[in-house]
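Architecture and fold: a report
Here's the letter readout for the chains.
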Amino acid sequence: MTVQNISLWEVFIRSRNGLAHKHVGSLHAADAALALRAARDIYTRRGEGLSIWVVPSNAIIASDPADKEMLFEPAMSKIYRHPTFYDVPDEVGHM
Amino acid sequence: MATAICIQNSALFMYVLGRADDALILGHRLSEWCGHAPMMEEDMALANMGLDLIGQARELYTYAAEVEGAGNDEDKFAYLRDVQHYRNVLLVERPNGDFAQTMMRQFFYSAFADCYWRAMMSSTDPTLAAIAAKSEKESAYHLRHSSEWIIRLGDGTDESHRRAQSALNDLWPFTGELFQANPEDDALFAGRIAVDPRGLLQPWTENVTAILRSARLTLPQSQWMQKGGRSGQHSEHLGHLLSELQSLQRTYPNATW
(Lines give C-alpha, C1' and ligand atoms only; values in the text may rest on other atoms or scores of the structure.)
Protein backbone atom coordinates (compact mmCIF):
# COMPACT_ATOMS: atom_id res chain seq x y z
CA MET A 1 0.00 0.00 0.00
CA THR A 2 1.24 3.49 -0.83
CA VAL A 3 1.37 5.64 2.27
CA GLN A 4 3.12 8.76 0.96
CA ASN A 5 2.11 11.87 2.91
CA ILE A 6 0.13 9.73 5.32
CA SER A 7 1.49 9.96 8.83
CA LEU A 8 0.94 7.89 11.94
CA TRP A 9 -1.19 9.14 14.85
CA GLU A 10 -1.72 7.81 18.36
CA VAL A 11 -5.29 7.76 19.62
CA PHE A 12 -6.45 8.42 23.18
CA ILE A 13 -10.05 7.98 24.27
CA ARG A 14 -11.76 9.15 27.44
CA SER A 15 -14.52 6.67 28.12
CA ARG A 16 -16.28 8.51 30.94
CA ASN A 17 -16.24 11.90 32.59
CA GLY A 18 -13.69 12.00 35.37
CA LEU A 19 -11.45 9.36 33.80
CA ALA A 20 -8.23 10.13 32.00
CA HIS A 21 -7.76 9.72 28.25
CA LYS A 22 -6.36 6.26 27.64
CA HIS A 23 -4.19 5.12 24.75
CA VAL A 24 -6.21 2.79 22.53
CA GLY A 25 -4.09 2.40 19.40
CA SER A 26 -2.85 4.17 16.33
CA LEU A 27 -3.93 4.93 12.78
CA HIS A 28 -2.80 6.54 9.52
CA ALA A 29 -4.22 9.88 8.39
CA ALA A 30 -3.14 12.76 6.16
CA ASP A 31 -3.76 15.49 8.73
CA ALA A 32 -5.13 16.21 12.21
CA ALA A 33 -8.78 16.67 11.21
CA LEU A 34 -8.87 13.41 9.26
CA ALA A 35 -7.04 11.64 12.08
CA LEU A 36 -9.79 12.72 14.48
CA ARG A 37 -12.51 11.48 12.08
CA ALA A 38 -10.70 8.18 11.56
CA ALA A 39 -10.28 7.74 15.31
CA ARG A 40 -14.02 8.21 15.75
CA ASP A 41 -14.74 5.66 13.01
CA ILE A 42 -12.28 3.03 14.19
CA TYR A 43 -12.20 3.33 17.97
CA THR A 44 -15.67 4.52 19.06
CA ARG A 45 -17.93 2.18 17.07
CA ARG A 46 -19.31 0.53 20.20
CA GLY A 47 -19.94 3.58 22.34
CA GLU A 48 -16.49 3.62 23.92
CA GLY A 49 -15.90 7.32 24.09
CA LEU A 50 -16.85 10.81 25.18
CA SER A 51 -13.69 12.53 24.02
CA ILE A 52 -10.86 11.78 21.59
CA TRP A 53 -7.28 13.02 21.43
CA VAL A 54 -5.02 12.33 18.48
CA VAL A 55 -1.31 12.99 18.74
CA PRO A 56 1.28 12.68 15.96
CA SER A 57 3.24 9.54 16.80
CA ASN A 58 6.51 11.35 16.13
CA ALA A 59 5.64 13.86 18.90
CA ILE A 60 6.00 11.12 21.48
CA ILE A 61 9.39 10.85 23.15
CA ALA A 62 9.81 7.29 24.30
CA SER A 63 12.19 5.75 26.79
CA ASP A 64 14.83 3.45 25.36
CA PRO A 65 14.08 -0.24 26.10
CA ALA A 66 17.84 -0.70 26.62
CA ASP A 67 17.60 1.63 29.61
CA LYS A 68 14.95 -0.39 31.37
CA GLU A 69 17.23 -1.88 34.00
CA MET A 70 18.63 1.51 34.95
CA LEU A 71 15.23 3.18 34.90
CA PHE A 72 12.95 0.66 36.51
CA GLU A 73 14.82 -1.96 38.48
CA PRO A 74 15.93 0.32 41.34
CA ALA A 75 12.25 0.79 42.27
CA MET A 76 11.66 -2.94 42.66
CA SER A 77 13.49 -3.23 45.98
CA LYS A 78 11.75 -0.26 47.63
CA ILE A 79 8.57 -1.83 48.82
CA TYR A 80 8.19 0.90 51.49
CA ARG A 81 7.04 3.21 48.71
CA HIS A 82 3.80 1.26 48.49
CA PRO A 83 1.19 2.56 50.93
CA THR A 84 0.54 -0.90 52.32
CA PHE A 85 1.97 -0.43 55.81
CA TYR A 86 -0.95 1.51 57.24
CA ASP A 87 -4.03 0.15 58.96
CA VAL A 88 -6.95 1.90 57.31
CA PRO A 89 -9.82 2.45 59.77
CA ASP A 90 -13.09 0.90 58.64
CA GLU A 91 -14.86 4.30 58.78
CA VAL A 92 -12.69 5.53 55.93
CA GLY A 93 -14.42 3.11 53.62
CA HIS A 94 -13.31 2.80 49.98
CA MET A 95 -10.10 4.69 49.20
CA MET B 1 -37.49 -18.26 -7.19
CA ALA B 2 -39.47 -15.89 -4.99
CA THR B 3 -41.93 -13.71 -6.85
CA ALA B 4 -41.88 -9.97 -6.55
CA ILE B 5 -44.41 -8.20 -4.37
CA CYS B 6 -46.55 -5.39 -5.71
CA ILE B 7 -47.02 -2.28 -3.67
CA GLN B 8 -50.19 -0.44 -2.88
CA ASN B 9 -50.42 3.25 -3.24
CA SER B 10 -51.01 5.85 -0.55
CA ALA B 11 -49.21 9.18 -0.37
CA LEU B 12 -47.60 8.65 3.05
CA PHE B 13 -46.65 5.06 2.26
CA MET B 14 -45.03 5.96 -1.06
CA TYR B 15 -43.29 8.91 0.54
CA VAL B 16 -41.74 6.87 3.37
CA LEU B 17 -40.84 4.07 0.97
CA GLY B 18 -38.94 6.52 -1.26
CA ARG B 19 -36.85 7.79 1.66
CA ALA B 20 -36.17 4.24 2.79
CA ASP B 21 -35.05 3.31 -0.74
CA ASP B 22 -32.64 6.28 -0.84
CA ALA B 23 -31.03 5.09 2.38
CA LEU B 24 -30.92 1.40 1.45
CA ILE B 25 -29.43 1.87 -2.01
CA LEU B 26 -26.78 4.35 -0.87
CA GLY B 27 -25.99 2.16 2.14
CA HIS B 28 -25.60 -0.83 -0.17
CA ARG B 29 -23.33 1.14 -2.51
CA LEU B 30 -21.09 2.04 0.45
CA SER B 31 -21.04 -1.58 1.57
CA GLU B 32 -19.55 -2.49 -1.83
CA TRP B 33 -16.37 -0.70 -0.71
CA CYS B 34 -15.94 -3.03 2.23
CA GLY B 35 -12.45 -4.51 1.95
CA HIS B 36 -11.61 -2.37 -1.13
CA ALA B 37 -11.16 1.17 0.23
CA PRO B 38 -7.87 3.00 -0.37
CA MET B 39 -6.86 2.58 3.27
CA MET B 40 -8.11 0.64 6.24
CA GLU B 41 -9.23 3.80 8.09
CA GLU B 42 -11.47 4.79 5.19
CA ASP B 43 -12.73 1.25 4.77
CA MET B 44 -14.11 1.48 8.31
CA ALA B 45 -15.52 4.97 7.76
CA LEU B 46 -17.38 3.90 4.60
CA ALA B 47 -18.75 0.79 6.31
CA ASN B 48 -19.88 2.88 9.29
CA MET B 49 -21.74 5.28 7.03
CA GLY B 50 -23.26 2.38 5.12
CA LEU B 51 -24.51 0.83 8.35
CA ASP B 52 -26.00 4.16 9.47
CA LEU B 53 -27.93 4.35 6.20
CA ILE B 54 -29.09 0.74 6.26
CA GLY B 55 -30.27 1.35 9.84
CA GLN B 56 -32.28 4.35 8.66
CA ALA B 57 -33.72 2.26 5.82
CA ARG B 58 -34.84 -0.45 8.25
CA GLU B 59 -36.72 2.01 10.44
CA LEU B 60 -38.35 3.66 7.45
CA TYR B 61 -39.35 0.33 5.85
CA THR B 62 -40.80 -0.86 9.13
CA TYR B 63 -42.86 2.31 9.37
CA ALA B 64 -43.89 2.02 5.71
CA ALA B 65 -45.13 -1.52 6.41
CA GLU B 66 -47.17 -0.23 9.33
CA VAL B 67 -48.68 2.54 7.18
CA GLU B 68 -49.44 0.12 4.34
CA GLY B 69 -50.97 -2.48 6.65
CA ALA B 70 -50.71 -5.25 4.03
CA GLY B 71 -48.56 -7.67 6.00
CA ASN B 72 -45.29 -6.67 4.29
CA ASP B 73 -42.14 -6.01 6.28
CA GLU B 74 -38.69 -4.49 5.84
CA ASP B 75 -37.25 -7.65 4.29
CA LYS B 76 -40.04 -7.98 1.74
CA PHE B 77 -39.62 -4.36 0.68
CA ALA B 78 -35.88 -4.73 0.32
CA TYR B 79 -35.65 -8.19 -1.19
CA LEU B 80 -38.86 -8.80 -3.11
CA ARG B 81 -39.46 -5.65 -5.12
CA ASP B 82 -38.42 -5.32 -8.73
CA VAL B 83 -36.53 -2.34 -10.08
CA GLN B 84 -39.54 -0.33 -11.22
CA HIS B 85 -41.02 -0.49 -7.71
CA TYR B 86 -38.03 1.24 -6.18
CA ARG B 87 -38.51 4.97 -5.59
CA ASN B 88 -34.98 6.14 -4.73
CA VAL B 89 -33.39 9.11 -6.47
CA LEU B 90 -31.01 8.25 -9.32
CA LEU B 91 -28.08 9.84 -7.48
CA VAL B 92 -27.80 7.05 -4.91
CA GLU B 93 -27.72 4.25 -7.49
CA ARG B 94 -24.78 5.79 -9.39
CA PRO B 95 -21.88 3.31 -9.38
CA ASN B 96 -19.08 3.82 -6.87
CA GLY B 97 -16.53 4.72 -9.57
CA ASP B 98 -13.31 5.93 -8.01
CA PHE B 99 -13.01 7.27 -4.47
CA ALA B 100 -13.73 10.83 -5.65
CA GLN B 101 -17.00 9.71 -7.29
CA THR B 102 -18.08 7.92 -4.12
CA MET B 103 -17.23 10.91 -1.92
CA MET B 104 -18.93 13.42 -4.24
CA ARG B 105 -22.11 11.32 -4.29
CA GLN B 106 -21.94 11.04 -0.50
CA PHE B 107 -21.32 14.76 -0.16
CA PHE B 108 -24.33 15.73 -2.31
CA TYR B 109 -26.64 13.29 -0.55
CA SER B 110 -25.41 14.05 2.98
CA ALA B 111 -25.68 17.82 2.45
CA PHE B 112 -29.30 17.19 1.52
CA ALA B 113 -29.98 14.65 4.27
CA ASP B 114 -28.46 16.93 6.89
CA CYS B 115 -30.93 19.77 6.31
CA TYR B 116 -33.76 17.36 5.42
CA TRP B 117 -33.62 15.38 8.67
CA ARG B 118 -33.15 18.50 10.76
CA ALA B 119 -36.33 19.92 9.25
CA MET B 120 -38.14 16.58 9.64
CA MET B 121 -37.50 16.60 13.40
CA SER B 122 -40.54 18.89 13.65
CA SER B 123 -42.77 16.59 11.58
CA THR B 124 -46.29 16.24 13.03
CA ASP B 125 -45.89 12.47 12.50
CA PRO B 126 -44.22 11.27 15.72
CA THR B 127 -42.58 8.23 14.10
CA LEU B 128 -41.01 10.28 11.33
CA ALA B 129 -39.91 12.91 13.86
CA ALA B 130 -38.21 10.21 15.94
CA ILE B 131 -36.47 8.68 12.92
CA ALA B 132 -35.35 12.19 11.93
CA ALA B 133 -33.88 12.90 15.37
CA LYS B 134 -31.71 9.79 15.13
CA SER B 135 -30.79 10.19 11.46
CA GLU B 136 -29.89 13.86 11.77
CA LYS B 137 -26.85 13.12 13.93
CA GLU B 138 -25.68 10.44 11.53
CA SER B 139 -26.13 12.64 8.46
CA ALA B 140 -24.34 15.54 10.13
CA TYR B 141 -21.32 13.30 10.54
CA HIS B 142 -21.55 11.98 6.96
CA LEU B 143 -21.62 15.55 5.72
CA ARG B 144 -18.59 16.53 7.73
CA HIS B 145 -16.65 13.46 6.68
CA SER B 146 -17.44 13.82 2.98
CA SER B 147 -16.91 17.62 3.01
CA GLU B 148 -13.44 17.20 4.42
CA TRP B 149 -12.56 14.68 1.74
CA ILE B 150 -13.99 16.88 -1.04
CA ILE B 151 -11.81 19.79 0.14
CA ARG B 152 -8.70 17.61 0.32
CA LEU B 153 -9.31 15.90 -3.01
CA GLY B 154 -10.19 19.14 -4.84
CA ASP B 155 -7.38 21.14 -3.28
CA GLY B 156 -4.91 18.25 -3.21
CA THR B 157 -2.72 17.01 -6.06
CA ASP B 158 -3.34 17.60 -9.78
CA GLU B 159 -4.59 14.04 -10.06
CA SER B 160 -6.97 14.24 -7.10
CA HIS B 161 -8.26 17.60 -8.37
CA ARG B 162 -8.87 16.17 -11.84
CA ARG B 163 -10.79 13.21 -10.40
CA ALA B 164 -12.84 15.37 -8.02
CA GLN B 165 -13.76 17.80 -10.81
CA SER B 166 -14.72 14.91 -13.05
CA ALA B 167 -16.92 13.44 -10.27
CA LEU B 168 -18.57 16.81 -9.81
CA ASN B 169 -19.29 17.14 -13.54
CA ASP B 170 -20.72 13.62 -13.72
CA LEU B 171 -22.90 13.75 -10.61
CA TRP B 172 -24.17 17.34 -10.61
CA PRO B 173 -27.08 16.56 -13.00
CA PHE B 174 -28.34 14.00 -10.46
CA THR B 175 -28.70 16.50 -7.61
CA GLY B 176 -31.88 18.19 -8.88
CA GLU B 177 -34.03 15.16 -8.18
CA LEU B 178 -33.40 15.48 -4.42
CA PHE B 179 -35.52 18.63 -4.47
CA GLN B 180 -38.30 17.31 -6.67
CA ALA B 181 -41.75 17.17 -5.05
CA ASN B 182 -44.51 14.89 -6.31
CA PRO B 183 -47.99 16.42 -6.62
CA GLU B 184 -49.41 13.66 -4.39
CA ASP B 185 -47.11 14.84 -1.56
CA ASP B 186 -48.90 18.20 -1.26
CA ALA B 187 -51.23 16.94 1.48
CA LEU B 188 -48.21 15.70 3.46
CA PHE B 189 -46.57 19.10 3.17
CA ALA B 190 -49.80 20.90 4.14
CA GLY B 191 -50.18 18.69 7.23
CA ARG B 192 -46.51 19.28 8.09
CA ILE B 193 -46.03 15.51 8.05
CA ALA B 194 -43.25 15.93 5.50
CA VAL B 195 -40.99 18.78 4.53
CA ASP B 196 -41.28 20.24 1.03
CA PRO B 197 -37.81 19.56 -0.42
CA ARG B 198 -38.05 22.60 -2.70
CA GLY B 199 -37.51 24.75 0.38
CA LEU B 200 -34.20 22.99 1.06
CA LEU B 201 -32.63 23.84 -2.31
CA GLN B 202 -31.33 27.24 -1.27
CA PRO B 203 -29.59 26.22 1.99
CA TRP B 204 -28.24 23.10 0.25
CA THR B 205 -26.83 25.15 -2.63
CA GLU B 206 -25.19 27.61 -0.22
CA ASN B 207 -23.56 24.83 1.83
CA VAL B 208 -22.45 22.85 -1.18
CA THR B 209 -21.01 25.76 -3.15
CA ALA B 210 -19.06 27.00 -0.11
CA ILE B 211 -17.35 23.61 0.24
CA LEU B 212 -16.76 23.30 -3.51
CA ARG B 213 -15.17 26.76 -3.50
CA SER B 214 -12.78 25.75 -0.68
CA ALA B 215 -12.01 22.67 -2.76
CA ARG B 216 -11.17 24.86 -5.83
CA LEU B 217 -13.80 23.00 -7.84
CA THR B 218 -16.07 24.69 -10.37
CA LEU B 219 -19.74 23.98 -10.97
CA PRO B 220 -20.67 22.73 -14.44
CA GLN B 221 -22.32 25.34 -16.68
CA SER B 222 -25.29 23.19 -17.60
CA GLN B 223 -28.19 23.26 -15.17
CA TRP B 224 -30.06 20.43 -16.89
CA MET B 225 -31.13 17.85 -14.32
CA GLN B 226 -31.87 14.13 -14.52
CA LYS B 227 -35.01 12.68 -13.00
CA GLY B 228 -37.04 9.48 -12.98
CA GLY B 229 -36.06 7.54 -9.86
CA ARG B 230 -38.96 8.86 -7.79
CA SER B 231 -41.41 7.51 -10.38
CA GLY B 232 -39.62 4.16 -10.75
CA GLN B 233 -37.70 4.92 -13.95
CA HIS B 234 -34.18 3.90 -13.05
CA SER B 235 -30.82 3.68 -14.75
CA GLU B 236 -29.47 0.28 -15.78
CA HIS B 237 -27.26 0.32 -12.66
CA LEU B 238 -30.05 -0.32 -10.16
CA GLY B 239 -31.00 -3.68 -11.69
CA HIS B 240 -27.45 -4.95 -11.29
CA LEU B 241 -27.32 -3.67 -7.73
CA LEU B 242 -30.60 -5.37 -6.83
CA SER B 243 -29.63 -8.65 -8.47
CA GLU B 244 -26.77 -8.85 -6.00
CA LEU B 245 -28.69 -7.45 -3.02
CA GLN B 246 -31.66 -9.77 -3.59
CA SER B 247 -29.98 -12.87 -4.98
CA LEU B 248 -30.13 -14.92 -1.79
CA GLN B 249 -33.79 -14.27 -0.93
CA ARG B 250 -34.84 -14.72 -4.54
CA THR B 251 -32.99 -18.02 -4.91
CA TYR B 252 -33.81 -19.45 -1.48
CA PRO B 253 -37.06 -17.77 -0.39
CA ASN B 254 -37.32 -17.21 3.37
CA ALA B 255 -33.77 -18.49 3.91
CA THR B 256 -32.47 -17.75 7.38
CA TRP B 257 -29.16 -18.48 9.07
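This section reports on the structure supplied with the text. (Residues numbered from 1 in each chain as written. Chains lettered and ligands numbered in written order. Predicted model: local features only at pLDDT ≥ 70, side-chain atom pairs only at ≥ 80, totals over all residues. Heavy atoms only, no water.)

In this section: the overall build of chain B. Helix and strand counts for chain B stand at 10 helices and 0 strands. Going from N to C terminus, chain B has its helices and strands arranged as α-α-α-α-α-α-α-α-α-α. Since a compact globule built from 257 residues should have a radius of gyration of about 18 Å, the 18 Å found for chain B is in line with a globular shape. The dimensions of chain B, computed from C-alpha atoms along their principal axes, are 55 × 45 × 30 Å. Taking all 257 residues of chain B together, 56% fall into the buried category. For chain B, restricting intrachain contacts to residue pairs at least 6 apart in sequence, the fraction spanning at least 24 positions comes to 81%. Here chain B displays about 11,300 Å² of accessible surface, and carbon together with sulfur accounts for 55% of that area. (Helix = DSSP H or I, 4+ residues; strand = E, 2+ residues; numbered from the N terminus. Rg over C-alpha atoms; globule rule 2.2 N^0.38 Å. Buried < 20%, exposed > 50% of the residue type's maximum accessible area, 1.4 Å probe, protein only. Contact = heavy atoms within 4.5 Å. Areas by Shrake-Rupley, 256 points an atom, 1.4 Å probe, with all protein chains shown as cover.)

What follows concerns the pattern of salt bridges. For the structure on display, the rule yields 17 salt bridges over all chains. A salt bridge links B:Glu148 to A:Arg37; its shortest N-O distance comes to 3.0 Å. Here B:Glu148, found in helix α6 (residues 126–154), pairs with A:Arg37, found in helix α1 (residues 32–43), and the two come from separate chains. The residue B:Glu59 makes a salt bridge to B:Lys134 at a minimum N-O spacing of 3.7 Å. One end of the pair, B:Glu59, is in helix α2 (residues 40–68); the other, B:Lys134, is in helix α6, with 75 residues separating them in the sequence. Each of B:Asp98, B:Glu159, B:Arg162 and B:Arg163 takes part in a single network of salt bridges with overlapping partners. (Salt bridge = Lys/Arg side-chain N within 4 Å of Asp/Glu carboxyl O.)

Another point: the nonpolar core. Formed by 89 residues in total, the largest nonpolar core has its most connected members in A:Leu27, B:Tyr61, B:Met104, B:Phe107, B:Phe108 and B:Ile150. In terms of residues, this core owes the most to one element, helix α5 (residues 99–120) of chain B, which gives 14 residues. Apart from the residues lying within four places of it in its own chain, the contact partners of A:Leu27 are A:Ser7, A:Leu8, A:Trp9, A:Val11, A:Ala35, A:Ala38, A:Ala39, A:Ile42, A:Tyr43 and B:Glu41. (Core = buried A, V, L, I, M, F, W, Y, C linked by side-chain atoms within 4.5 Å.)

The next subject is the interface of chain A and chain B. Of the residues lining the interface, 14 residues belong to chain A; the matching set on chain B comes to 13 residues. In total, chain A and chain B occlude about 1,300 Å² of area from one another, counting both sides; carbon and sulfur atoms represent 56% of this. Of all residues in chain A, the largest losses of buried area upon contact with chain B belong to A:Leu34, A:Arg37 and A:Asp41, amounting jointly to 41% of the total for that side. Taken together, the connections running from chain A to chain B amount to 2 salt bridges. Here A:Asp31 and B:Arg152 are joined by a salt bridge, their closest N and O atoms 2.5 Å apart. On the surface where chain A and chain B come into contact, there are 7 residue pairs in polar contact (both at pLDDT 80 or more). Only β2 (22–29) and α1 of chain A provide two or more residues apiece to the side of chain A that touches chain B. Looking at the side of chain A that touches chain B, the element that brings in the most residues is α1(A), giving 7 residues. Its residues assigned to classes, the side of chain A that touches chain B comprises 8 nonpolar, 1 polar and 5 charged. (Buried area = accessible area lost by both parts, 1.4 Å probe. Polar contact = N/O pair within 3.5 Å; in protein donor to acceptor, adjacent residues only side chain to side chain. Nonpolar A, V, L, I, M, F, W, Y, C, P; charged D, E, K, R; others polar.)

Attention now goes to the layout of surface pockets. Residues and elements named next belong to chain B. Each pocket or cavity is described by its volume, and for the second largest pocket that value is around 350 Å³. Taken together, 14 residues line the second largest pocket, and the ones lying closest to its centre are Asp-75, Tyr-79, Gln-249, Asn-254 and Ala-255. Going through the elements one at a time, α3 (74–79) and α10 (236–251) are the ones with two or more residues in the lining of the second largest pocket. Taken together, the residues that form the lining of the second largest pocket break down as 8 nonpolar, 3 polar and 3 charged. (1 Å grid on protein atoms, 1.4 Å probe; cavity = no way out; pocket = protein on both sides within 12 Å on 5 of 7 lines; lining within 4 Å. Points joined across faces, edges and corners; volume = space filled by probe spheres on them.)

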